[in-house]
Structures are given as C-alpha cells and as structure tokens.
Amino acid sequence: MKDKILNIAGLAENRTKNTAPLKITHSNLWRALCFLLPSLLLTVVAVFYSIKTVDESTKRGFASNCDEIAIKISTRLHSHAGLLRSSSALFAATDKVTRQSWKALFKDSKIDRNLPGIQGIGFSLLVPKKDLQEHINTIRSQGFPNYKIYPEGQRDVYSSIIYLEPFSGRNLRAFGYDMLTEPIRKKAMELSRDSDVATLSGKVILVQENNNDVQFGTLMYVPVYQNGMPVNTVDQRRKAIMGWVYSPYRMNDLMNGILGKGDINHFEGINLKLYDDSLSDKCLIYDSRINNPNQIKGKPNQALSFPVVFHGKKWILYFDEYDVPVSYLENKVIVVLVSGILINVFLFLLILTLLNTKKNAQAIAEQLTAELKGNESKLRAILDNSFDAIAVEVDGVWDMCNAATLQLFGCATKEELIGKPFIDTIIPSEQDKIKAYTQNQIEGLSIPSPHISCGVKADGTVFDLEVSISVFIHLNKQHVLFILRDISERRKMENELQEYTLQLKKSNENLENFAYVASHDLKAPLNVVNGILNLIDNGKGMPSDTNDLELIRMAKIAVDQMKVLINDLLEYSRVGNNREDFSNTDLNEVLGYVQVLLKEKITQNSAKIKINPLPVISANKTLITELFMNLLNNALTYHGKNIVEIEVGFSEEKNAFKFYVKDNGIGIREKDFEKIFIIFKRLHSQSEYGGTGIGLALCKRIVEAHQGTIWVESELGKGSTFYFTIKKQD
Ligand code: ADP
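Residues numbered from 1 in each chain as written. Predicted model: local features only at pLDDT ≥ 70, side-chain atom pairs only at ≥ 80, totals over all residues. Heavy atoms only, no water.

### Focus: the overall build of the chain
Counting secondary structure elements, the chain contains 18 helices and 21 strands. Across the 730 residues in the chain, those meeting the buried criterion constitute 40%. Element-wise, carbon and sulfur atoms account for 56% of the exposed surface of the chain, whose accessible area totals about 41,700 Å². (Helix = DSSP H or I, 4+ residues; strand = E, 2+ residues; numbered from the N terminus. Buried < 20%, exposed > 50% of the residue type's maximum accessible area, 1.4 Å probe, protein only. Areas by Shrake-Rupley, 256 points an atom, 1.4 Å probe, with all protein chains shown as cover.)

As structure tokens, this is what we get:
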C-alpha cells in the first residue's frame, strides 16, 4: 500500500530553517541570574562548610597526632620500667652481682638499639652508716682507689651508684654519687622502695651534665630487695631494701629516642612541651623547639594538653600548633570554591541556553500553530467551497465531511453523517463495487473511479455518483478519502445528447431517402409535363383540337400534383423539435379546428366522428394540429362501403400520453405496418386513392419531435387504429 503521510514534521523543519535565530533577551538573562543567585549562595555555604570541615579535620588530625605522641611516650616509659625490672631480677637470681655481670647485662640488652635515649642503666647500693668504710674499701679494692661516696658528710644511711653502664664519658661522673642526698631523687627512690614499683623522679639536672649541652633530666627507679626477705608491707620493704636499679635520662635524648629523631617535627607545625607535674615554666623539662629553632613564633593556632601518669608521677604534655602554609591546590576549600564557581558559570550558561532554546521553541511553535491554524482554516474554506463532496472515512465510519457532502446527502448537520457507516449511504446493489474499489486502492492498484448509483436519505431518491477513492495513513490509522460528485445532471445531458445524435442520424438517413425519393417523385409529373410540351412543340403552333386540350388538362393535373407534393415536402421539412415552440395545447380545441378544416370531406362521407375528451398537453400546437389532420384525413379517405366511423381518444401513462385514431376503413395488411410510415410509400395507386405518401411520414416525424412513437394496428377490411405517444414535458 502506498503510504501517504502528512508531513507536518517537514513543515516544522522548514519553518525552523526559515526562522531567524532569536537573540538572548533581557528577561531570559534576568531569569538565568535568578537561578544563579541561589546557586552562588549554595557555593558560599559549601565554602564555609568546607572551611569548617577543614578546621574540624585539622583539629581532629592535631588531636590524633597528639594522642599518638602521648601513647608513644607512655609506652616507652613502661618499656623502660620493664627493662629496669628485668635488670633488677639479676639480683634475685644471684647473691653476688658483679661489675662484670652488670656490664654483660647491659651489653645483652642492646639498649642503644631497642630503647634509644637512655643515658644508662645503673645500680645504686644502699649503704648503712656502719658499713660505710667497709664498702669504700671493697670498691677501692676493685680497682677504684679514689672511690668515695659523695657528697661527703655524716648520714645514717648512704647510697652509692656503684654500677652504671655504659661506664664511660659523662656517666663516670655519677660513680659514687649518693642520690638520697638530693630531695627530688630521694622522693622517687623512697616511693619506689615503699610501693615496689618503677618510679620517675621530678625534674633534675643529672650529675652527668657538664657545661656542654645541658639538658633537664629525670630518673627511673626500681627497688632491689635482699633475697629471702619478705616484702609484703611497706615496713618489710623498707627493711628489705638493698638498693635501686635505675636509669638516668637526659630529656632531649630521651624524647628523641622515644619519638625518633625529628618525629615531632614530622607532624608539621606541632610543638611539644613536657612539664613535670604542672604547667609552669619551672616545671618545663622538655621543649621540642630545641630541635627546631626555625619554628614559627607567636600565638599558636590551637593547643592541647595531655597528662601522662606513670606510677604516681604526672607528666603534662602540652601540644600547640601554628599556621602551616598549605598548597592552595591541596586546599579543599579552594577546590570547593573553584569548582563551585565553575559549576555556577556552567549552570548559568546552561540555563540561559535552555531558556533561549525554550523561547525559540515557543516562538517556532506559535508560528507553526498560527500557520497550521491558517492552513486549517484555508483547508476548511477550500473544503467547504468545493462543489465536490469531500469526506473521510476512518474504521468504516464517516470521520469528517464538507458542506457539499451534507448538501449531496440532504443533511442539515454533520452529526447526521459523522460516526455512521459510509457504506450505508450506498444502495446495496452498488456496495460491492465500492468495497472492491477501496480494496484496490489499499493494494495500490490504479483503476478508474467508479460511477455508482447512490441511495440517499429521506426520500430514497437514487442518483448517479462519480466516486474517487484514495487511501492514506495518518496517525497510524487508515483513512479513506472520498471525493463524490453528483453526475445525475451530466448523465441526463449525456443521454439527451445521445438521443439527439440518434435523431440526427435518423434525420440524415431520412434526408437521404427524402432526396432520393423526392427527386424521383418530382421527376414523374415533370416528365409528364415535358412529354406533353414536346407533343405540342411537334404540332408547330398553339393547340387547337380536342386532343391537344386534353394534353393540356393532363399537364395541368401533373403540375397540380407536383404543387401538392412540394407543399407536403415543405410541411415535412419544417417539422423540428424546437422546445421553444412548445406550449400548453388543449387538444379538444385542436380536434375541433381539424373537424372544421375537414368539414367538406366529413359531410361528403356522412362520417360519424366521436371525439373523447382530450387532455391539455405541452406540445407544438401547429404540428399537433397537422398530426391529427393527417390521421383524420386518412381515416376519411381510406374507407370502404360502410358509413365512415371515426373515434379519437387517449390514455395516460407514467411519462406520456397515449392517443389513438380509430376508423372502420379498408384496413392494412400486417406486412405494410412499417412501410406506410416511410415517405412516399403508398399502398394504392393514384387512380384508387389520391395522395403523395408523405402524410404518415410527416406524422411520424411530428410524433418523434415530441419524443414519442407511432404505430398502427389493423386488419384488412376491418379498419385501422393509429396509436401515438406524446412525452410529458417537465
Ligand atoms: P397518402 O398521401 O397516400 O395518403 P400517407 O402517407 O398518408 O400517404 O399514407 C400512406 C398509405 O397508407 C396510403 O397510401 C394508404 O394506402 C395507407 N393508409 C393510410 N391511412 C390509411 C387508413 N386509414 N386506412 C387504410 N390505409 C391507409
């Protein structure tokens, strides 16, 4: 099937091409800005939120770093305590701990590698006053002749650092030092002794310090009790105390060892101050800035302090942080800001484009709508002004139609047709023709439009239609377009034309016959006259005798006959079917007039003429008079011996009046029924019945001029009845 699709899309495309691009309007610019402002606000909020997040993240990071450092310090202190505990175990394992075994212990511990930052591991022996001299002697005997406990002086009890590994360098200065003489150390030592735990001293300057690189220090003590003595109570522990395993720490070295070299500075911007017991300058025992003199000075960004408690000793770790210059690209805030601005710009341009696209689309749509409306009304005007009925059928029912369709089917409103089956408007005998034609159109076969008769409505009049059908698809539905034309009038004219053509043809034939017969029949009297004139001419003078006078009389008769013939021919030739000559003709009057004209002949024959009442008809009065005149004249002429009886009457048929002229004359043989209507055909000689043979031919011509027919019914010797019809005129 040939698809015919309404190309509305193509129309739109063409319109788009023809439409000049619209510029950005102020209103669209303002609208886009209205969208932009909240978006910008959102960006600002996002930036502030990012700043807050970064701050919180920095704080969390800072706290986490501080926590990590504090844990490291606490863990290391406990590790050191463990080391001292294991060293003190040596005294429990053996009665006599020698300098060599101490040295070996230190060497095995690999302290430098495992716990860096320890100044050393030592043992301080408790020496009661009564054993002082013996003790000095013993140590001196071990190769230290100058050994003495210092500071010197009288005390009830002494302590002396007798072992300290590594026993070299600044550690040598601690050899023989009585740590009980110094209150801070003494406090830690006594706490250690009484509670049997590792204790840390307060802030001290180690005896190992010289004037070079002086650092604050601290010491860790673990008590050593004499083997076999009970140590369950403080008293028992005071009695059993034999000395202390201890470690002196130089704070900078210790912190470097715990945190790793530069570890504090690894956490960029973070500083650590370590206070003994309280946050006061006099309690400060470590400051990481010592390792990083280039640290930023001034007010710190943020600060945190953590207590680290170790067996009763409280260290306070104080962390602070300064602004650290950051790479802007790494800065989350900058990223948020820049991307926010970019998104806003992009959004702004996008909205502007969308608004303008929308406006353009609206303008095009409006133009298209206006154009479509214009086209639609134009199309509607074309349809409604079309003389042809145009209608569309969808799914077998009328979908739309124009005014001419309503007029064609005699409908007042469209509702009388729309929604009803189209096929119902076709008379049943023609429906198959329409269905077949529609099917052919669907299959794409090209066949001429059918002419059908279509039954209408209300009065059931059947009229001729010319139907043109085409099928197209619109919105996926099959539409059948009908163009219907009432061709009744055309048909009528065609029929009339055909009739006229036949008449003309017949007329031509008659004319040919007429010319032939007329020349023949006219020649006959002429020949007679010519012969007589020749005879007279041969007599060389005017006719004088009786014979000559008879010849002249005969010539006169021939000339008269020729005159009658010529008159009859003239009558015959005048007969036409010009409707303008038609008028209402009262045939009763016509027959009265004819009887007057034939009065003499009627009287001569004592004829009885019965004229039944006749109608008034539309006809050429002269010709109708001539017609009745000829028929009545023949009825009066061709009579037998009986008294002439003639009857005239009529009957009315649907489209015509049927008349008859009946006589009781000589009658006609059946074989001559046709012949007598041919011009110049006669059944009798002149001597029997005078005549020209034109009368009935003239009658036939007159009847045909009134669209009727003439015929005769007769029996020889019993009379004849001539019938003719005259068509009723509109
Ligand atoms: P005509 O001038 O000879 O009468 P028509 O054409 O009128 O010519 O008639 C043709 C022939 O038909 C006549 O010659 C006659 O023989 C025959 N005819 C006509 N009318 C009658 C009639 N009423 N009865 C019998 N014969 C008739």
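### Some points on the site of the ligand
The environment of the ligand is made up of 20 residues, and the closest members are N634, Y638, R682, H684 and T692. Separating an oxygen atom of the ligand from a backbone N or O atom of L683 is a distance of 3.4 Å. Its atoms largely coinciding with the cavity grid, the ligand occupies the largest pocket. (Near = heavy atom within 4 Å. Polar contact = N/O pair within 3.5 Å; in protein donor to acceptor, adjacent residues only side chain to side chain. 1 Å grid on protein atoms, 1.4 Å probe; cavity = no way out; pocket = protein on both sides within 12 Å on 5 of 7 lines; lining within 4 Å. Sits in = over half its atoms within 2 Å of the grid points.)

### Digging into the pattern of salt bridges
Tallying each qualifying case throughout the model produces 30 salt bridges. A salt bridge links K130 to D131; the shortest N-O distance between them is 3.5 Å. You can call K130 exposed: its relative accessible area is 71%. Taking relative accessible area as the criterion, D131 reaches 26% and is therefore assigned partly exposed. A network of salt bridges, in which partner residues are shared, links D464, E466, R490, R491 and E494. (Salt bridge = Lys/Arg side-chain N within 4 Å of Asp/Glu carboxyl O.)

### Some thoughts on the nonpolar core
Counting 52 residues, the largest nonpolar core has I73 and W315 as the members making the most contacts within it. Counting residues per element, this core draws most heavily on helix α2 (residues 26–93), which supplies ten residues. Counting residues in hydrophobic clusters, the runner-up holds 50 residues, among them L569, L627, L631 and I679. (Core = buried A, V, L, I, M, F, W, Y, C linked by side-chain atoms within 4.5 Å.)

### Some remarks on the sheet that holds strand β19 (residues 656–663)
Reading across the sheet, the five strands line up as β16-β18-β19-β21-β20 and stay open at both edges, with mixed pairing between neighbours. At either end of the open sheet lies a strand with only one pairing partner, and these are β16 (608–611) and β20 (710–715). Neighbouring strand axes in the sheet, compared pairwise and without regard to direction, differ in orientation by 15° on average. Examined bridge by bridge, β19 and strand β21 (residues 719–727) share seven bridges and lie antiparallel to one another. Bridging from a neighbouring strand, K662 pairs with T721 of β21. (Pairing = 2+ DSSP bridges. Axes fitted to C-alpha atoms, helices over the stretch in contact; angles between N-to-C directions.)

### So, the layout of surface pockets
Taken as a whole, the largest pocket spans an internal volume of roughly 960 Å³. Taken together, 44 residues form the lining of the largest pocket, with N630, N633, N634, G695 and L696 sitting closest to its centre. Mapped by element, the contributors of at least two residues to the lining of the largest pocket are α14 (546–574), α15 (587–597), α17 (621–637), α18 (695–705) and β21. If one sorts the elements of the lining of the largest pocket by residue count, α17 sits on top with ten residues. Of the residues that constitute the lining of the largest pocket, the class distribution is 18 nonpolar, 17 polar and nine charged. (Points joined across faces, edges and corners; volume = space filled by probe spheres on them. Nonpolar A, V, L, I, M, F, W, Y, C, P; charged D, E, K, R; others polar.)

### A look at the sheet that holds strand β6 (residues 270–276)
Within the open sheet, the four strands sit side by side as β7-β6-β9-β8. Their pairing is antiparallel. At either end of the open sheet lies a strand with only one pairing partner, and these are β7 (284–287) and β8 (302–310). Strand-to-strand, the axes of this sheet are offset by a mean angle of 20°, without reference to chain direction. Two strands pair when backbone bridges link them, and β8 and strand β9 (residues 313–321) are joined in this way by nine bridges, in the antiparallel orientation. If you follow V308 over to β9, its bridge partner there is W315. Relative to β8, α2 is tilted by about 20°, and along the sheet it contacts β6, β8 and β9. In this fold helix α8 (residues 251–259) packs onto β6, β7 and β9, with an angle of close to 50° to the strand it touches most, β7. (Contact = heavy atoms within 4.5 Å.)

### Brief notes about the environment of L349
Considering the arrangement of structural elements, one finds L349 in helix α10 (residues 332–385). Taking the C-alpha atoms as reference points, L349 and L36, separated by 313 residues in sequence, lie 9.6 Å from one another.

### Here's the deal with the packing of aromatic side chains
Scanning the entire structure with this criterion turns up 22 aromatic pairs. Consider the rings of F306 and F319, whose centres lie 5.9 Å apart with planes at 80°: the pair is edge-to-face. In this pair, F306 is assigned in strand β8 and F319 in strand β9, connecting sequence segments 13 residues apart. With centroids separated by 6.4 Å and ring planes inclined at 40°, the aromatic side chains of F657 and F659 adopt a geometry described as tilted. According to the relative accessible area criterion, F657 is buried, its value standing at 11%. Looking at F659, the relative accessible area reads 0%, which means it is buried. An aromatic cluster of three or more residues is present, and its members are F628, F650, F657, F659 and F724. A cation over an aromatic ring shows up here: R99 above the ring of F167, its NZ or CZ 5.7 Å from the ring centre. The residue whose ring lies beneath K203 is F216, and the NZ or CZ to ring-centre distance is 3.9 Å. (Phe/Tyr/Trp six-rings, centres within 6.5 Å; stacked < 30°, edge-to-face > 60°. Lys NZ or Arg CZ within 6 Å of the ring centre and 35° of its normal.)

### Some points on the pairing of β19
The side chains of a regular strand alternate, residue by residue, between the two faces of the sheet. Summarising the sheet, strand β18 (residues 645–652) and β19 pair through seven bridges and their orientation is antiparallel. Looking across to β19, one finds that S651 is bridged to K658. Hairpin connection from β18 to β19: three residues lie between these consecutive antiparallel strands.

### Section: unusual backbone geometry
Peptide bonds are trans in most cases, and residues, glycine excluded, mostly fall at negative phi. That bond from Y150 to P151 is cis: its omega, 0°, falls within 30 degrees of zero. Between E165 and P166 the backbone carries a cis peptide bond, its omega angle lying at 0°. Secondary-structure assignment places P166 in the loop between β2 (157–165) and α6 (183–195). Of note in this structure, D277 is not a glycine but carries a positive phi near 80°.

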